[in-house]
Amino acid sequence: MLSTLREMFDPSFLSRNSVAISLLVGFVCPLAGVYLVLRRVVFLGVALPQVSSCGIAFAFALQGWGWIPHAHDSAEERAIAMAGSIVFTLAAILVLSTLERRGRGMIEGRTGTVYVVAGAWSILLLVQNPFGEHGMLELLRGEIVAVSNTDLLITAGAFLVVIITLFTFQKEFLLVSFDREMALTLRKNVLGWDALLFGVIGLVISVSVMTVGPLVAFGFVLLPPLIAYPFCRNMLQFALVSSGVGGVMAVFGFAVAYQQELPVGPTDVALLGVLYAVAWFGQKAAVAMRQRRRARAG
Amino acid sequence: MTDDFILQLRNLTVGYDRQVVLKELELRVKRGSFTGLVGSNGSGKSTLLKTILGIIPPLGGRVDLRLSSPTLPALGYVPQRESLDPIFLVSCFEMVLMGACGRVKPGRRFSTTEKEWARRCLQETGAGELERRRFSELSGGQKQRVLIARALATRPELLVLDEPTAGIDTAATVAVLELLRRVHREQQLTVLMVNHDLPALRECAEEVIWLHQGKVLQGSVEELLRRDRAEALLGLQLE
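Structure report, in brief. (Residues numbered from 1 in each chain as written. Chains lettered and ligands numbered in written order. Predicted model: local features only at pLDDT ≥ 70, side-chain atom pairs only at ≥ 80, totals over all residues. Heavy atoms only, no water.)

Another aspect to go through is helix α5 (residues 170-187) of chain B. Residues and elements named next belong to chain B. Taking 1.5 Å per residue as the helical rise, α5 with its 18 residues ought to reach 26 Å, and the 26 Å between its terminal C-alpha atoms agrees with that figure. All of the buried residues in α5 are A172, T173, V176, L177, L179, L180, V183 and H184. Looking down the long axis of α5, one finds its buried residues gathered within 155° of arc, a one-sided arrangement. Along α5, exposed side chains directed more than 90 degrees from the buried face belong to T170, A171, V174 and R185. (Helix = DSSP H or I, 4+ residues; strand = E, 2+ residues; numbered from the N terminus. Expected span 1.5 Å × (residues − 1). Buried < 20%, exposed > 50% of the residue type's maximum accessible area, 1.4 Å probe, protein only. Arc of directions from axis to C-beta.)

This brings us to the side chain of A:T185. Residue and element names in this part refer to chain A. Tracing the chain through its elements places T185 in helix α9 (residues 180-185). In this structure T185 comes out as buried when scored by relative accessible area, which is 2%. Engagement of the side chain of T185 in a polar contact is seen with the backbone oxygen of M182, the distance being 2.7 Å. (Polar contact = N/O pair within 3.5 Å; in protein donor to acceptor, adjacent residues only side chain to side chain.)

This part takes up the sheet that holds strand β1 (residues 5-16) of chain B. Residue and element names in this part refer to chain B. The three strands are arranged β2-β1-β4 in an open sheet whose pairing can be described as antiparallel. Each of the sheet's edge strands pairs with one partner strand only, and the pair in question is β2 (19-30) and β4 (60-65). When the angles between neighbouring strand axes are averaged without regard to direction, this sheet yields 15°. Both β1 and β2 contribute to a ladder of eight bridges, which runs antiparallel. Within β2, the position partnered with G15 by the bridge is V20. Most of the contacts of helix α1 (residues 45-53) go to β1, to which it runs at about 120°, and overall it touches β1, β2 and β4. (Pairing = 2+ DSSP bridges. Axes fitted to C-alpha atoms, helices over the stretch in contact; angles between N-to-C directions. Contact = heavy atoms within 4.5 Å.)

In this section: the interface of chain B and chain A. Many authors give the size of an interface as the accessible area that is lost as the parts come together. At the junction of the two partners, chain B supplies 34 residues and chain A supplies 27 residues. When the buried area of chain B at its contact with chain A is split by residue, B:I87, B:F88 and B:L89 rank highest and sum to 25% of it. Here A:D179 and B:R150 are joined by a salt bridge, their closest N and O atoms 2.6 Å apart. Across the contact surface, chain B and chain A share eleven residue pairs in polar contact (both at pLDDT 80 or more). Looking at the side of chain B that touches chain A, the elements that each hand over two or more residues are α1 and α2 (92-97) of chain B. Partitioning the side of chain B that touches chain A into residue classes produces 20 nonpolar, five polar and nine charged. (Buried area = accessible area lost by both parts, 1.4 Å probe. Salt bridge = Lys/Arg side-chain N within 4 Å of Asp/Glu carboxyl O. Nonpolar A, V, L, I, M, F, W, Y, C, P; charged D, E, K, R; others polar.)

Quick look at the structure:
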């Protein structure tokens, strides 16, 4: 394993951009996921990557239908796909979060509907349009193989904006998420802060889906915060430990996938699942041991 | 003298989603008073409170708050503690610091002065030793103290409490009410408190606002909380 890691971080390693992008997604996605877990809208983390994929498929379809000119190179193609992903994700997150705040209807039902409908439309749009099918299938499988320098730079730039925004406005995001009524009595623009927070989450998800696919994006948004939560005492710790778990597992997952010749994305998510199970049992065992010790002392 | 009032409701209609709960209210709360807001379940106490606080927009009329600074928020709000989700990993100190958010600009960190003020508020409410504890792990009475500390951290002119003694044991209820009485006395703070506990209100409130079947009665504690009056209003015999 050590030699694989050494090879992965060697500057001459052919897939070095893929390693870098895995690391970025691993570190940054959980920072957005923390808020989805705390606001109890975990399902949004499932539905949004699917909506993002639908946006990408739609962008490809627009070219197929001749509504927008065909992309001449892969950079142009990715730019169009990125635009589709961002527009669809932000629109969906805006509508779903507004309805969630108003508390009308069944949130889970609505989010589930968005998930299946977006999934179905992605497939229908791709079937109709073989133009984008090849790249899209790679993306859906989560094969982080060919990542260009431009993709890496765009992802790094977008994630830098996300990190700065999340840490700069941490107290505002916490206040409007934890106690909306208190925020209103303090004359905070709750809708504005909510829109910024969900905008940032939408950006993380759409950029991640564009680079690593919906499965991996969802895995890294949700599993690291769920793994970290029982072991953290405060919000900062929760954000940092979640991000750390994501980053470490991204590297480890890449190494395992590389060694065993497996697709990177599913390997990452499968390993996160194993870690979640280990952490859950570990935490239960620790609680049981503490209780036994207390009973003995009592 | 209108200047004696910190809060005045003018022809105020409150409700949710255009559904009227209370209609055309006319009320005034004296500056420096301790007022209890009572009424049966569903009488509109919490809706009225939230409208006064600006959480729910009024359906008609006006809420006039006569605060010394029009720009700085000076309302201390103690919500029902069950409304706060225990999933958040918030320490008592972080909780109280939230009260200072109205004075700290977005993106700025809390200054040392604000942090010291938050610690003082915790000590003031007898919750100094809870500073590092997680809010969700506290008992009902301890949570109430921390929430009052957070409300005080806003440096309020009007302290508004939504059933602060609901669901806590007798000893904690006595302690919370004693704390509120002391804060009201020492800081000359105007207090508006929703409470079901009539004996508790008799002990600490000076004025009472009684919501009953869409009507509002306002008067002194002696006037409204007399046993025979309360029984007549509620249409039952109090034990």
